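Chain by chain, the residues run as shown.
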Amino acid sequence: MLVVELCDLVAERGARLAAAGIVGILKKIGRDGSCLSNRSKCDQGEGRHTTIAMDGGLYEHYPKFRKYLQETVAHLLGEEIAANASVELSKDGSAIEAVFGSNL
């Protein structure tokens, strides 16, 4: 039982760190809801829905990791702003990246 709890703690920490990185990127590209305070950005379509594609076995097969990540994104962005951002599973992301990269 101790091993299960330890694994859960490690997964929670990993999900929180991943969520912090996602929120950091959303802030950098202006999709963090900052247009709510700056109307000119909203007029340019900055307040639209954002989908974050997540690839990997941990996100796909470990529901607690997914739950922790989504909860942390919502906590860091705020519930209202997080409603405009969703994290979705992207299968075979590495293969798709390899195809795009080889065509450059």
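About the criteria used
- Residues numbered from 1 in each chain as written.
- Predicted model: local features only at pLDDT ≥ 70, side-chain atom pairs only at ≥ 80, totals over all residues.
- Heavy atoms only, no water.
- Axes fitted to C-alpha atoms, helices over the stretch in contact; angles between N-to-C directions.
- Helix = DSSP H or I, 4+ residues; strand = E, 2+ residues; numbered from the N terminus.
- Parallel < 35°, antiparallel > 145°, perpendicular 65-115°, else oblique.
- Left-handed = near helix turned anticlockwise from the far one by under 90°.
- Contact = heavy atoms within 4.5 Å.
- Expected span 1.5 Å × (residues − 1).
- Phe/Tyr/Trp six-rings, centres within 6.5 Å; stacked < 30°, edge-to-face > 60°.
- Lys NZ or Arg CZ within 6 Å of the ring centre and 35° of its normal.
- Buried < 20%, exposed > 50% of the residue type's maximum accessible area, 1.4 Å probe, protein only.

1. Brief notes about the packing of helix H1 (residues 2-28) against helix H4 (residues 63-77)
Then step 1. Where H1 meets H4, the closest approach of the two axes is 8 Å, and the angle between their N-to-C directions is 40 degrees. Classified by the angle their axes make, H1 and H4 are oblique. For the pair H1 and H4, the sense of crossing is right-handed. Facing H1, whose interface residues are Asp 8, Ala 11, Glu 12, Gly 14, Ala 15, Arg 16, Ala 18, Ala 19, Ala 20, Ile 22, Val 23 and Leu 26, H4 presents Lys 64, Phe 65, Tyr 68, Leu 69, Thr 72, Val 73, Leu 76 and Leu 77.

2. What about H1?
Then step 1. Helix length check: H1, at 27 residues, gives a terminal C-alpha distance of 39 Å against a target of 39 Å (1.5 Å per residue), a fit within 8%.
Then step 2. Positive phi appears at Gly 30, one or two residues downstream of H1, with a value of about 80 degrees.

3. Points about the packing of aromatic side chains
Then step 1. Going through the model one piece at a time under the given rule, you end up with zero aromatic pairs.
Then step 2. Here the guanidinium or amino end of Arg 66 rests over the ring plane of Tyr 59, the centre of that ring lying 5.5 Å away.

4. What about H4?
Then step 1. Between the first and last C-alpha of H4 there are 21 Å, a value that for 15 residues agrees with the 21 Å anticipated at 1.5 Å per step.
Then step 2. Within the span of H4, buried status applies to Phe 65, Tyr 68, Leu 69, Thr 72, Val 73, Ala 74 and Leu 77.
Then step 3. Those residues of H4 that are buried lie in contact with H1, strand S1 (50-54), helix H3 (57-61), helix H5 (79-82) and strand S2 (85-89).
Then step 4. Looking at the residues trailing H4, positive phi occurs at Gly 78, about 95 degrees.

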